[in-house]
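Here's the letter readout for the chains.
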Amino acid sequence: MSLPSVTDFSQELDFECQVEKVSGFGLDTLAIRTGINTTHEGEHSEPIYATSSYVYKDSAQSAAVFSGKEQGNVYSRFTNPTVRLFEQRIAALEKAEAAIATASGMSAVMASCMALLKSGDHVIFSRDVFGSTIFLLKNFFEKFGVEVSYVDLTDYEQWQSQIKTNTKLLFCETPSNPMMHIADIEKLAAIAHQYNALLIVDNTFCTPILQQPLAMGADIVIHSTGKYIDGQGRCVGGVVLSSQEIVDKVIAFMRCAGPAMSPYNASHFIKGLETLSLRMQRHCSNAMQIAQWLESCPQVEQVIYTGLSSHPQHALACRQQRDHSGIVSFKIKGDQALAWKMIDSTKLISKTTNVGDAKTMVTHPASTTHCKWSEEDRARAGITDNLIRLTVGLENVEDLIADLKLGLQAIA
Ligand SMILES: *Cc1c(COP(=O)(O)O)cnc(C)c1O
């Protein structure tokens, strides 16, 4: 049993991200050891290749690499060894044939859509996907003649009734933000495949540690890697994972359009993957304890966490995910003023809207992440003025509960 693509620097580098089919290794081992490119210096930690261009022995080699006859790096908008290592590692975790890293999660969405859609095509999105994803489709792709339908994530009859012969993509996030709705990935894949459409799953909230959509029939997985994969809120990035054939189409767009991942950011994501599994365990267990505690608080009307048996899709989440991730939403008994008071009365927890940081964060979705939604859309999605979202970090859970207690006491 050998680890995937352990390349000696003196050997020719793989031009494309090529992950050998690996079996037998656990996710933790893959996260730490996939694709190590030890150079002649013998460094143990993965180097940052801070270079935009690459040198050749002579003109003949330069010509061979540029024409594609010989494998090699051309320019870091195309390939960069640090970025490639990140691609190999995340591909091993998602059990994907290939991966292409992007400058942000949104450029992963954009590059997939640009590569796979043309004027006259139809796509179906769940309504509660990341806000910028909706804006990208509505404000730009529709302008170029792509037809977009929006459906409720968990209403399979709506997905089924919207699909038609020119439907090319179905796109969902599961769990969704901030209401933690869960889509049955196998069901959506079956609906998509009736018409040869592709199912894209944004797996940012679960990460491959908790959920592997490709194994359940999804065709493409995308991530915003600046969330749990970085895990410490340092930088922005994204990745598209799929078959080699589909990733090649995305690569063709990426190379000329240029939203490439920086090697500096790739280095953070490589190191993030090494501890992802341990961190996810702690995010999940802290979130579960906080969710259970919130459920016992008299000031709380409802707690939304798929780990609780009170969540309507608890059983599906248990079947589809290894654990329930770190996002806990809850509704207080009261209005926006009391929700703000609760948030503002905490001392330790950061008032910010990111996801997946070691530091616990609290958000009022209706007035921040979802403030551009119409009141009607918010009401339909359940994003009420008394809703608060926590993305639970890695601190001692007793300290987090004590801090939340300060908030709830202020509105008692
Ligand atoms: C943050 C986020 C995105 C967008 O990613 P960026 O890296 O911010 O461009 C997409 N999907 C989900 C679920 C996210 O949380």
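First things first, this report covers the structure right here in the doc.

This part is about the overall build of the protein. Helix and strand counts for the protein come out as 14 helices and twelve strands. Relative to the 2.2 N^0.38 estimate, which gives 22 Å for 412 residues, the radius of gyration of the protein is 22 Å and therefore close to what a compact globule would have. Summarising its shape, the C-alpha atoms of the protein cover approximately 75 × 50 × 35 Å along the three principal directions. Buried positions account for 56% of the 412 residues belonging to the protein. Here the analysis covers contacts within the protein between residues at least 6 apart in sequence; of these, 73% occur between residues at least 24 apart. Split by element, the accessible area of the protein, about 17,100 Å² in all, is 53% carbon and sulfur.

Lining the immediate environment of the ligand, one finds Ser104, Gly105, Met106, Phe130, Glu173, Asp202, Thr204, Phe205, Ser224, Lys227, Val236 and Gly237. A distance of 2.8 Å separates an oxygen atom of the ligand from a polar backbone atom of Met106. Against a free-state accessible area of 380 Å², the protein chains account for coverage of 89% of the ligand.

This paragraph deals with the pattern of salt bridges. With the rule as written, the count across this model stands at eleven salt bridges. Across the pair Lys271 and Glu46 runs a salt bridge, and its minimum N-O distance is 2.8 Å. Residue Lys271 is located in helix α10 (residues 263–295), and its partner Glu46 is located in the loop between α1 (27–33) and α2 (59–67); the two are separated by 225 residues in the primary sequence. In this structure Lys271 comes out as partly exposed when scored by relative accessible area, which is 31%. Sharing partners across several salt bridges, the network here consists of Glu46, Arg89, Lys271 and Glu274.

Counting buried positions over the five residues of strand β5 (residues 198–202) gives five, a clear majority of the element. Residues Leu198, Ile200 and Asp202 point to one face of β5 and Leu199 and Val201 to the other, with burial holding for every one of them. In the sheet, strand β4 (residues 167–173) pairs with β5 via five bridges, with the strands oriented parallel. The residue of β5 that forms the bridge with Leu169 is Leu198. In this structure, β5 lies alongside strand β6 (residues 220–224), joined through three bridges in parallel fashion. Its bridge partner being in β6, Asp202 is matched across the sheet by Ile222.

What counts, and at which threshold
- Residues numbered from 1 in each chain as written.
- Predicted model: local features only at pLDDT ≥ 70, side-chain atom pairs only at ≥ 80, totals over all residues.
- Heavy atoms only, no water.
- Helix = DSSP H or I, 4+ residues; strand = E, 2+ residues; numbered from the N terminus.
- Rg over C-alpha atoms; globule rule 2.2 N^0.38 Å.
- Buried < 20%, exposed > 50% of the residue type's maximum accessible area, 1.4 Å probe, protein only.
- Contact = heavy atoms within 4.5 Å.
- Areas by Shrake-Rupley, 256 points an atom, 1.4 Å probe, with all protein chains shown as cover.
- Near = heavy atom within 4 Å.
- Polar contact = N/O pair within 3.5 Å; in protein donor to acceptor, adjacent residues only side chain to side chain.
- Salt bridge = Lys/Arg side-chain N within 4 Å of Asp/Glu carboxyl O.
- Pairing = 2+ DSSP bridges.

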